[in-house]
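As a plain string of letters, each chain reads:
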Amino acid sequence: MRARQLEVFTAVMRAGTVTEAARTLNISQPALSQVLRHTEDELGFALFDREKGRLKPTPEALELYPEAERLFGELEGLRRMTADLKLGRAGLVRVGCSTPAAMSLLPRVLASFRAQHPDIALRCSVAPVQSLRTMLREGDVVMALALTDRMTEEIEVEVLGRTGFCCLLPKGHPLAERETVSLAELDAELVISYRTGTRPYEELNTVARRNGQRFTPRLEIDTSISAVGFVQAGLGVAVVDSLLPWEQFDNIEIRPLTPSPTLPLSLLTLRSKSLSRAAELMRGQIRALLPTTLASTGQED
């Protein structure tokens, strides 16, 4: 029994008459009767007895009906799902994100996306850049936001904006009296910052060398968020990205670093993999909101 035959059989069983079943399916009575006769011919037995203008189900039809109803329900569910996918109302979008963007930009993007597409499921994975690269390759995420523009050829990089660096100071630190903190002023401090070999360290060290200085963190970190506790404990002064919303943490002072290099905020996707309609909607949302959001946080476009 094909899908159309299943649909007609179920409609007649529910309605009891050809007239009502045809109205429900929005087809003519002759067309419905023809489908029904063709179905019976293919099955090799009658599904209905005609009695005074009504259709009385045969024992065979009564036996088939529960399974037909189940299959028809699944077919209807499939139709709704495909319609939802076409309109971007269903699906799953898996987004990867480095910590700074996950705490500052992505929440606004997801909130806006959720308001417009409440039926699309979202999954967010926060991880370092190296891990995001692997997650894209293995299909754990379909797109990622990260502070880098350096990726292998298989990953497409779309730079959306840039962010600078700032200093996190313990509450009451003498440098907090200044509007900005220079790299030279950090020479006498225990500096907490990114470990050697990372992109942020390279950018900071390059700027320091241009100014005849050296950038030498004495307490190295992998992720900027880990610096907060060290600064709050009075261990030293942290040099970290300006993207993360540092103002939400207690007992620290935030001052811009000068001179400051910048880091690119990029949207990463796998070149060899096409995005689903739901994922395309998410990419569009990110492209639309991130430049504005970066501007509102004082970052550079």
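The sections below set out a description of the structure shown in this document. Predicted model only: the values in this text are computed from it and were never measured.

## Section: the nonpolar core
Grouped together as the largest cluster of nonpolar side chains are 56 residues, with contacts concentrated most on Met 143, Leu 145, Leu 186, Val 239, Val 240, Trp 246 and Ile 286. By size, the runner-up hydrophobic cluster in this structure holds 18 residues, among which are Ala 21, Ala 22, Leu 36 and Phe 48.

## Here we look at the sheet that holds strand S9 (residues 191-194)
Read across the open sheet, the 6 strands follow the order S8-S12-S7-S11-S9-S10; overall the sheet is mixed. The sheet is open, and its two borders are formed by strand S8 (181-182) and strand S10 (219-221), each paired with just one other strand. As defined by bridge partners, S9 adjoins S10 across 3 bridges and the pair is classed as parallel. Of the residues in S10, the one forming a bridge with Ile 192 is Leu 219. Taken strand by strand, helix H8 (residues 199-210) contacts strand S7 (165-170), S9, strand S11 (237-241) and strand S12 (252-258), and its axis lies near 120 degrees from that of S9.

## What about the pattern of salt bridges?
Across all of its chains, the model carries 18 salt bridges by this definition. One salt bridge connects Glu 7 with Arg 4, and the closest N-O pair in it is separated by 2.4 Å. Of this pair, Glu 7 and Arg 4 both sit in helix H1 (residues 3-15), 3 residues apart, roughly one helical turn. On the basis of relative accessibility, which here comes to 11%, the residue Glu 7 falls in the buried class. For Arg 4, a relative accessible area of 37% corresponds to the partly exposed category.

## Comments concerning the sheet that holds strand S3 (residues 91-97)
Judged by pairing direction, the sheet is mixed, and its 5 strands sit side by side in the order S4-S3-S5-S13-S6 without closing on themselves. The sheet is open, and its two edges are formed by strand S4 (120-126) and strand S6 (155-163), each paired on a single side. Shown here is a sheet whose adjacent strand axes are inclined to one another by a mean of 20 degrees, direction ignored. As defined by bridge partners, S3 adjoins S4 across 7 bridges and the pair is classed as parallel. Within the sheet, the bridge partner assigned to Gly 96 lies in S4 and is Ser 125.

## Observations regarding unusual backbone geometry
Here the amide bond leading from Thr 258 into Pro 259 is cis, since omega sits at -10 degrees, within 30 degrees of zero. The backbone of Asn 26 shows a phi angle near 60 degrees, a positive value even though the residue is not glycine. Here Asn 251, not a glycine, exhibits a phi torsion of approximately 60 degrees, which is positive.

## Examining H1
Its 13 residues place the ends of H1 18 Å apart at the C-alpha level, agreeing with the 18 Å of an ideal helix rising 1.5 Å per residue. Within the sequence span of H1, burial applies to Gln 5, Leu 6, Glu 7, Val 8, Phe 9, Thr 10, Ala 11, Val 12 and Met 13.

## Points about the packing of aromatic side chains
What the rule picks out here adds up to 5 aromatic pairs. Here Phe 9 and Phe 48 contribute two aromatic rings whose centre-to-centre distance is 6.0 Å and whose plane-to-plane angle is 50 degrees, an arrangement assigned as tilted. Separated by 39 residues along the polypeptide, Phe 9 in helix H1 and Phe 48 in strand S1 (residues 48-51) bring together distant segments of the chain. The class of Phe 9 is buried, set by a relative accessible area of 0%. One aromatic cluster is present, formed by Phe 9, Phe 48 and Tyr 65 through successive ring pairs.

## As for helix H3 (residues 29-43)
Along its 15 residues, H3 runs 21 Å from first to last C-alpha, staying within 8% of the 21 Å computed at 1.5 Å per residue. Buried residues of H3: Leu 32, Ser 33, Leu 36, Thr 39 and Glu 40, and no others. Seen along its axis, H3 keeps its buried residues to an arc of 125 degrees; they face one direction. Of the residues in H3, the exposed ones pointing more than 90 degrees away from the buried face are Pro 30, Gln 34 and Asp 41. Two or three places before Ala 31, at the start of H3, stands the capping residue Ser 28, its side-chain oxygen 3.2 Å from that residue's backbone nitrogen. At the C-terminal side of H3, Gly 44 shows a positive phi close to 90 degrees.

## Some remarks on the environment of Arg 210
Position of Arg 210 among the secondary structure elements: in helix H8. Note on Arg 210: relative accessible area 66%, which makes it exposed. Residues Arg 210 and Arg 287, spaced 77 residues apart in sequence, show a C-alpha to C-alpha distance of 34 Å.

Reading the values: the criteria
Residues numbered from 1 in each chain as written. Predicted model: local features only at pLDDT ≥ 70, side-chain atom pairs only at ≥ 80, totals over all residues. Heavy atoms only, no water. Core = buried A, V, L, I, M, F, W, Y, C linked by side-chain atoms within 4.5 Å. Buried < 20%, exposed > 50% of the residue type's maximum accessible area, 1.4 Å probe, protein only. Pairing = 2+ DSSP bridges. Helix = DSSP H or I, 4+ residues; strand = E, 2+ residues; numbered from the N terminus. Contact = heavy atoms within 4.5 Å. Axes fitted to C-alpha atoms, helices over the stretch in contact; angles between N-to-C directions. Salt bridge = Lys/Arg side-chain N within 4 Å of Asp/Glu carboxyl O. Expected span 1.5 Å × (residues − 1). Phe/Tyr/Trp six-rings, centres within 6.5 Å; stacked < 30°, edge-to-face > 60°. Arc of directions from axis to C-beta. Polar contact = N/O pair within 3.5 Å; in protein donor to acceptor, adjacent residues only side chain to side chain.

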